[in-house]
Amino acid sequence: MTTVESATALLNTVLAPLADLGRADAVARRITEAISLGLVTDGQQLPSENELAERLGVANGTLREALALLRDTGLIETRRGRRGGSFVRSPAEEPVGRQLARLRALGTVELRDLGDEELAVSGTAARLAAERAAPADLAARLARLIALLREAATPAERRRADTRFHIELAVAAQSSRLTRLAVRLQAELAPVLWLPAPYAPDRERLVEEHREILVAVVAGDGPGARAAAEAHTVACVRHLVRGRLRLGDD
């Protein structure tokens, strides 16, 4: 699977039919997740209204209401005419104050609760990926994402590489429900994990933890992959809790 094919598969997963049909806010949230995870980037045109509505399994009117919500938040703009449509407006970097406000809004109990869910999802995804995925194909994609994480110049680029790694694992687990859970959790956790210094995580440590997951998955070691993914999650949640406590002292 090429990089383009992989990105398309992830976007198709994020824009899969909704269970809570008819809710414009749910549609808006799903598209927002695709933007925040870097699956659609600044200036990129969204699929047509008819195509988006069909993908998400909602009525065109519901989709138009969701797009209006996204326009109100400034995430998209709609242009008229032959070359018109809805285009993403996502800044390269979110203002630091807004990022810190997100973390401050989360209590330590809520962070640990999110961590518990991430522990279950990431551990299971890694184990199933080790047992079900084609090792050579998956190894190349995950190794590239690890390299992108190491080389990324900005927090936003690091966030995209990190989240893509975890979602690729869930896709490799061959479970659409697990993948949707991974997407939602990454959309919640990644923006408060990849903050600028002094709140930034130790990137080299996370790169090494990703490598440990990759080695176990490629070796077909399900229990080892699960253990590595769970250890990585625990480290990330501890970092978030320390950051939240530090904010409380500011």
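Residues numbered from 1 in each chain as written. Predicted model: local features only at pLDDT ≥ 70, side-chain atom pairs only at ≥ 80, totals over all residues. Heavy atoms only, no water.

Undergrad: Would you explain helix H3 (residues 49–56) in this entry?
TA: The α-helix winds at 3.6 residues per turn, so residues separated by three or four positions along the chain end up facing the same way. Buried within H3 we find Leu52, Ala53 and Leu56. Each buried residue of H3 lies within a common arc of 100° when the element is viewed along its axis, so the set occupies one face. Along H3, exposed side chains directed more than 90 degrees from the buried face belong to Asn50 and Glu54. Backbone geometry just after H3 places Gly57 at a positive phi near 70°. (Buried < 20%, exposed > 50% of the residue type's maximum accessible area, 1.4 Å probe, protein only. Helix = DSSP H or I, 4+ residues; strand = E, 2+ residues; numbered from the N terminus. Arc of directions from axis to C-beta.)

Undergrad: For this particular structure, what's the right way to read the confidence of the model for the protein?
TA: Regions with low pLDDT carry predicted coordinates that are not meant to be interpreted in detail. Considering every residue of the protein, the mean pLDDT works out to 87; 89% of them sit at 70 or more. Between the elements of the protein, mean pLDDT differs from a low of 59, seen in helix H1 (residues 3–14), to a high of 96, seen in helix H10 (residues 203–218). (pLDDT = per-residue confidence, 0-100.)

Undergrad: What is the right way to read the pattern of salt bridges from this model?
TA: Note that side chains of opposite charge can pair when their charged atoms are close. Tallied over the entire structure, the rule returns 14 salt bridges. Between Glu77 and Arg79 there is a salt bridge, with its nearest N and O atoms 2.8 Å apart. Look at Glu77 and you get partly exposed, because its relative accessible area is 26%. Assessed through its relative accessible area of 38%, Arg79 is described here as partly exposed. The partner of Arg226 in a salt bridge is Glu230, with the nearest N and O atoms 3.1 Å apart. Of this pair, Arg226 and Glu230 are both found in helix H11 (residues 222–249), four residues apart, which corresponds to roughly one turn of the helix. (Salt bridge = Lys/Arg side-chain N within 4 Å of Asp/Glu carboxyl O.)

Undergrad: What exactly am I supposed to notice about the packing of H3 against helix H4 (residues 60–73) here?
TA: For any two helices packed against each other, the geometry is given by the interaxial angle and the distance between the axes. The N-to-C vectors of H3 and H4 enclose an angle of 105°; their axes lie 9 Å apart at closest approach. When the axes of H3 and H4 are compared, the pair comes out roughly perpendicular. Where H3 abuts H4, its residues Glu49, Asn50, Leu52, Ala53 and Leu56 lie against Asn60, Leu63, Arg64 and Leu67. Of the residues in the contact of H3 with H4, the class split is five nonpolar, two polar and two charged. (Axes fitted to C-alpha atoms, helices over the stretch in contact; angles between N-to-C directions. Parallel < 35°, antiparallel > 145°, perpendicular 65-115°, else oblique. Contact = heavy atoms within 4.5 Å. Nonpolar A, V, L, I, M, F, W, Y, C, P; charged D, E, K, R; others polar.)

Undergrad: Explain the nonpolar core to me, please; I cannot follow it from the model alone.
TA: Generally speaking, nonpolar side chains in soluble globular proteins are found buried as a group. Ranked by size, the top nonpolar core spans 47 residues in total, and within it Leu103, Leu138, Phe165, Leu169, Ile213, Val217 and Leu240 carry the most contacts. Counting only elements with at least two residues in this core, the list comes to helix H5 (96–104), helix H6 (108–132), helix H7 (135–151), helix H8 (155–172), helix H9 (176–193), H10 and H11. Not counting residues up to four positions away in its chain, the partners in contact with Leu138 are Ala129, Ala133, Glu168, Ala172 and Val217. The next biggest cluster of nonpolar side chains, apart from the first, holds 18 residues, and it includes Val27, Leu46, Leu56 and Leu70. (Core = buried A, V, L, I, M, F, W, Y, C linked by side-chain atoms within 4.5 Å.)

Undergrad: Before we go on, may I ask you to explain the environment of Arg104 in this structure?
TA: Along the polypeptide, Arg104 turns up in helix H5. Judged by relative accessible area, Arg104 falls into the partly exposed class, the value being 40%. Sequence separation of Arg104 and Leu245 is 141 residues, and the distance between their C-alpha atoms is 8.9 Å.

Undergrad: Is there a simple way to explain the packing of aromatic side chains in this structure?
TA: The geometry of an aromatic ring pair is captured by two quantities: the separation of the ring centres and the angle between the planes. Scanning the model with the defined rule gives zero aromatic pairs in all. We note Arg79 situated over the ring of Phe87; from NZ or CZ to the ring centre the distance is 3.9 Å. Its guanidinium or amino end placed over the ring of Tyr199, Arg246 lies 5.2 Å from that ring's centre, counting from NZ or CZ. (Phe/Tyr/Trp six-rings, centres within 6.5 Å; stacked < 30°, edge-to-face > 60°. Lys NZ or Arg CZ within 6 Å of the ring centre and 35° of its normal.)

Undergrad: Can you walk me through the pairing of strand S2 (residues 85–88) in this structure?
TA: Regular strands place side chains that alternate from one sheet face to the opposite one. Of the pairings in the sheet, the one linking strand S1 (residues 76–79) to S2 comprises four bridges and is antiparallel in character. What sits directly across from Glu77, in S2, is Phe87. (Pairing = 2+ DSSP bridges.)

Undergrad: Hey, could you run me through the environment of Val183 in this one?
TA: Summarising the element assignment, Val183 is placed in helix H9. Residue Val183 is classed as buried on the basis of its relative accessible area of 2%. A sequence separation of 16 residues divides Val183 from Ile167, and the C-alpha atoms of the two residues are 6.3 Å apart.

Undergrad: Got a minute to help me understand the environment of Leu185 in this structure?
TA: Along the chain, Leu185 falls in helix H9. Each C-alpha atom, one on Leu185 and one on Ile167, is 9.8 Å from the other, the two residues being 18 residues apart in sequence. Once you skip the residues sitting within four places of it in the chain, Leu185 turns out to touch Leu114, Glu117, Glu118 and Val121.

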